[in-house]
Amino acid sequence: MSNTDKMVDEILKRVLSKADTLSVTADKQSESKGAEQVMANSCSLTEFIGTAKFGDTIGLVIANVDQQVLDAMKLTKKYRSIGVVGARTGAGPHIMAADEAVKATNTEIVSIELARDTKGGAGHGSLIIFGGDDVSDVKRAVEVTLKEVERTFGDVYGNEAGHIELQYTARASHAINTAFGAPEGKAFGLIVGAPAAIGVVMADAAVKAANVDVIGYASPANGTSFSNEVILQISGDSGAVRQAVITAREIGKELLGTLGSEPKNDAPSYI
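Residues numbered from 1 in each chain as written. Predicted model: local features only at pLDDT ≥ 70, side-chain atom pairs only at ≥ 80, totals over all residues. Heavy atoms only, no water.

Caption draft 1: Spotlight on the confidence of the model for the chain. Averaged over all residues, the pLDDT of the chain equals 89, while 85% of them reach at least 70. Across residues 32–39, where pLDDT falls below 50, the model places zero contacts with residues more than four positions away in sequence or in other chains. (pLDDT = per-residue confidence, 0-100. Contact = heavy atoms within 4.5 Å.)

Caption draft 2: Structural view of unusual backbone geometry. The step from Ala194 to Pro195 runs through a cis peptide bond, and the omega angle for that step is 10°. Tracing the chain through its elements places Pro195 in the loop between β8 (187–194) and α6 (196–209). The phi dihedral of Asp56 is positive, around 50°, even though this residue is not glycine. One can find Asp56 in the loop between β1 (48–52) and β2 (57–62). What makes Asp56 partly exposed here is its relative accessible area of 42%. (Helix = DSSP H or I, 4+ residues; strand = E, 2+ residues; numbered from the N terminus. Buried < 20%, exposed > 50% of the residue type's maximum accessible area, 1.4 Å probe, protein only.)

Caption draft 3: Representation of the packing of α6 against helix α7 (residues 238–257) in the model. Here α6 crosses α7 at 150°, and the two axes come no closer than 8 Å. By the angle between their axes, α6 is roughly antiparallel relative to α7. The crossing of α6 and α7 is right-handed. Between α6 and α7, the residues in contact are Ile198, Val201, Met202, Ala205, Ala206 and Ala209 and Gln243, Ala244, Thr247, Ala248, Ile251, Gly252, Leu255 and Leu256, respectively. For the contact of α6 with α7, the per-class residue count stands at eleven nonpolar, three polar and no charged. (Axes fitted to C-alpha atoms, helices over the stretch in contact; angles between N-to-C directions. Parallel < 35°, antiparallel > 145°, perpendicular 65-115°, else oblique. Left-handed = near helix turned anticlockwise from the far one by under 90°. Nonpolar A, V, L, I, M, F, W, Y, C, P; charged D, E, K, R; others polar.)

Caption draft 4: Representation of the sheet that holds β2 within the structure. Reading across the sheet, the five strands line up as β1-β2-β3-β5-β4 and stay open at both edges, with antiparallel pairing between neighbours. Across the chains shown, the open sheet's two edge strands, defined by having one partner strand only, are β1 and β4 (108–115). Taken over all neighbouring pairs, the strand axes of this sheet differ in orientation by 15° on average, direction set aside. Where β1 lies against β2, four bridges are found, and the strand directions are antiparallel. Considered in β2, the bridge of Thr51 is made with Ile58. This element, helix α3 (residues 91–104), spans β2, β3 (81–87), β4 and β5 (125–132) of the sheet and lies at about 15° to β5. (Pairing = 2+ DSSP bridges.)

Caption draft 5: Broad picture of the sheet that holds strand β6 (residues 156–159). Reading across from one edge, β6-β7-β8-β10-β9 is the order of the five strands in this open sheet, with antiparallel pairing throughout. Because the sheet does not close on itself, it has two edges, and the strands there are β6 and β9 (213–218). Here the average twist between neighbouring strands, direction ignored, is 10°. With four bridges connecting them, β6 and strand β7 (residues 162–169) associate as antiparallel partners. Counted as the bridge partner of Tyr157 is Ile164 from β7.

Caption draft 6: Representation of the pairing of β5 within the structure. Of all eight residues in β5, seven are buried; the element is thus mostly enclosed. Bridge count for β3 against β5 is seven bridges, and the pairing is antiparallel. Within β5, the position partnered with Gly83 by the bridge is Phe130. The sheet contact formed by β4 and β5 spans seven bridges and is antiparallel. Pairing of Ile109 across the sheet is with Phe130, part of β5.

Caption draft 7: Structural view of the packing of aromatic side chains. The full count for this structure, using the stated rule, is two aromatic pairs. Between Phe54 and Phe153, the aromatic rings sit 5.3 Å apart at their centres with planes inclined by 25°, giving stacked as the arrangement. You can see Phe54 sitting in the loop between β1 and β2 and its partner Phe153 sitting in the loop between α4 (135–152) and β6, a full 99 residues away along the chain. For the residue pair Phe54 and Phe153, the accessibility class agrees, reading buried in each case. One residue, Arg151, lies across the ring of Tyr270, its end atom 4.7 Å from the ring centre. (Phe/Tyr/Trp six-rings, centres within 6.5 Å; stacked < 30°, edge-to-face > 60°. Lys NZ or Arg CZ within 6 Å of the ring centre and 35° of its normal.)

Caption draft 8: Structural context of α3. An ideal rise of 1.5 Å per residue puts 20 Å on 14 residues; α3 measures up with 20 Å between its terminal C-alpha atoms. Here α3 lies mainly inside the structure; eleven of its 14 residues are buried. For α3, the full list of buried residues reads Ala91, Gly92, Pro93, His94, Ile95, Met96, Ala97, Ala98, Asp99, Ala101 and Val102. (Expected span 1.5 Å × (residues − 1).)

Written as structure tokens, this is what we have:
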């Protein structure tokens, strides 16, 4: 082997050795970052139950609420334990998820508040509080809500201009009654359009599509936290409510698409 060949061979060995070192270092850095992320998302506090994938949603439980806090909340009924679910976006999906939680547990809805948050969007954030005497019931209600939110976000469609939101249940329960005054035991539909102009047309199309009862209508200065959306609440027979919601969904997607890209949902549709 000539001196030139030996030199080339030595250089090649050094390059390969350096590449291996860089690869190992990158893998270690990646593992380190992954561990840091897990640590950042974990919480050792006993009040922490978990988070949901959508809406910046967090679930918490207070096993023994301080009496002064209960007094300040001005509750009509005293509870030993409370569960708290809070989110920055997606009030509708959270209320629907909480409704399923109440059906599945021995808990009650203490309060539901719609926050003017939206994380830069057009809708609401939410604060939902469950009450119960047994902390295990309250904890379970929060867990069910966090799980259900990933389903109820399935019919939220958005783009850079706004969003539309559709919700449906064949049997409304306590949470929906508390939030919207809907009759318990009957089918319920929620139709949201943002910007609000789209919501007006969605509402009209829904009511024309099926024989349903309008039980509520909210607009930016009447019934919302001044959010740029129109919200229609309907009740009635299961098939009629579902048809009205589906009609509104198709109209809303088409109108919102004229303002930007095709509206997309981040979870499978459930309606």
